[in-house]
Amino acid sequence: AGQVLVTGKDEVMIRLLGAILIVTGCGTIGFIIANRVLYEISATKNLISIMEYWKNSLSFHHTTLPDLCKVAHSMDSTVIGEFFGLLGEQFDKQGMGNAASCIESALSISSDVPRHCRKLIEQLGRGLGEFDLNSQTRMLDFVLEEANITLQSLSENLIVRLRSYRTLGICTGFAIAILII
């Protein structure tokens, strides 16, 4: 009394709708993973261009790190640029004494920096502000080399990997949908 019973036709429609939603959801996850790979590549390229600018500015203009951070922030409107804006603020708050501490603080605030870029930035923090100008430019060279290696490994077989992530998402959705139908 008062309950609505689901008929056989309605049950099939509900299962079909559920299957469509599962395939769509899993396919979306595959596309999100593929886009994250593209995001990491883009962020690494942005970090490389900023570090190259830094190297030239340190070598020829003897620009201070807080000023370099401000320029990097104005050069790049992505997460990497935002990180360098936060880093500049940390330099203003904590002073130039310990670049590694400032970088650590800025990284803890900026959670969107991709993991590959985080590692590169942490390496950069170990040498900036600690040594003479020549040592700092050598550290930038080292981190730039590491960044280029990282970019190369991220870009290897990129089209195949992106297609695989997308296909795996969709296929996983179909497999689950088959199980519930």
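As the structure is a computational prediction, the values presented were derived from the model and not from experiment.

Definitions and limits used
Residues numbered from 1 in each chain as written. Predicted model: local features only at pLDDT ≥ 70, side-chain atom pairs only at ≥ 80, totals over all residues. Heavy atoms only, no water. Helix = DSSP H or I, 4+ residues; strand = E, 2+ residues; numbered from the N terminus. Rg over C-alpha atoms; globule rule 2.2 N^0.38 Å. Buried < 20%, exposed > 50% of the residue type's maximum accessible area, 1.4 Å probe, protein only. Contact = heavy atoms within 4.5 Å. Areas by Shrake-Rupley, 256 points an atom, 1.4 Å probe, with all protein chains shown as cover. Lys, Arg positive; Asp, Glu negative; His and termini not counted. Charge placed at Lys NZ, Arg CZ, Asp CG, Glu CD. Phe/Tyr/Trp six-rings, centres within 6.5 Å; stacked < 30°, edge-to-face > 60°. Axes fitted to C-alpha atoms, helices over the stretch in contact; angles between N-to-C directions. Parallel < 35°, antiparallel > 145°, perpendicular 65-115°, else oblique. Left-handed = near helix turned anticlockwise from the far one by under 90°. Nonpolar A, V, L, I, M, F, W, Y, C, P; charged D, E, K, R; others polar. Salt bridge = Lys/Arg side-chain N within 4 Å of Asp/Glu carboxyl O. Core = buried A, V, L, I, M, F, W, Y, C linked by side-chain atoms within 4.5 Å.

(A) Representation of the overall build of the chain. From N to C terminus, the chain includes 7 helices and 0 strands. What you see for the chain is a C-alpha radius of gyration of 24 Å, clearly larger than the 16 Å of a compact globule of 181 residues, by over 25%. Considering only C-alpha atoms, the chain reaches an extent of 80 × 40 × 25 Å along its principal axes. Among the 181 residues that make up the chain, the fraction classed as buried is 38%. Pairs at least 24 residues apart make up 65% of the contacts formed inside the chain by residues separated by at least 6 positions. Surface accessibility of the chain: about 10600 Å² in total, with carbon and sulfur atoms responsible for 60%. With 15 positive and 18 negative side-chain charges, the chain shows a separation of 8 Å between the mean positions of the two kinds.

(B) Spatial organisation of the packing of aromatic side chains. Applying the stated criterion across every chain yields a total of 2 aromatic pairs. Considering the side-chain rings of W54 and F84, the 5.1 Å spacing of their centres and the 65 degrees angle between planes classify their relative orientation as edge-to-face. On the criterion of sequence distance, the pair formed by W54 in helix α1 (residues 8-60) and F84 in helix α3 (residues 79-94) is long-range, its members being 30 residues apart. The interplanar angle of 70 degrees and the centroid separation of 5.1 Å between the aromatic rings of F83 and F84 together place this pair among those described as edge-to-face. One exposure class covers both F83 and F84, and it is buried. Ring pairs connect the aromatic residues W54, F83 and F84, which therefore count as one cluster.

(C) Structural view of the side chain of T137. Mapped onto the elements of the fold, T137 is located in helix α6 (residues 133-155). The exposure class assigned to T137 is buried, which follows from its relative accessible area of 10%. With near-sequence residues (within four places) excluded, T137 lies in contact with K55, L58 and S59.

(D) A look at the packing of helix α2 (residues 65-75) against α3. Interhelical geometry of α2 versus α3 gives an angle of 155 degrees and a closest axis separation of 7 Å. Here α2 is positioned roughly antiparallel relative to α3, judged by the angle of their axes. The chirality of how α2 crosses α3 is left-handed. Two secondary-structure elements touch here, α2 through L65, P66, C69, K70, A72 and H73 and α3 through G81, E82, F84, G85, L87, G88, F91 and D92. Broken down by class, the residue content of the contact of α2 with α3 amounts to 7 nonpolar, 4 polar and 3 charged.

(E) View of the pattern of salt bridges. Inspection of every chain in the model, using the stated rule, returns 5 salt bridges. For the salt bridge of R115 with E40, the shortest nitrogen-to-oxygen distance reads 4.0 Å. Here E40 lies in helix α1 and R115 lies in helix α5 (residues 115-125), a separation of 75 residues in the sequence. The partner of D141 in a salt bridge is K55, with the nearest N and O atoms 2.6 Å apart. You can see D141 sitting in helix α6 and its partner K55 sitting in helix α1, a full 86 residues away along the chain. With a relative accessible area of 32%, D141 lands in the partly exposed category. The exposure class of K55 is partly exposed, given its relative accessible area of 27%. Here the salt bridges share partners, and the residues they tie into one network are R36, E40 and R115.

(F) Quick look at the nonpolar core. By size, the foremost hydrophobic cluster in this structure holds 40 residues, and its most contacted members are W54, F83, F84 and L87. Among the elements of the structure, α1, α2, α3, α4 (99-109), α5 and α6 are those that each provide at least two residues to this core. With 10 residues, α1 is the single largest residue contributor to this core. Setting aside residues up to four positions removed in sequence, L87 forms contacts with W54, C69, C102, I103 and A106.

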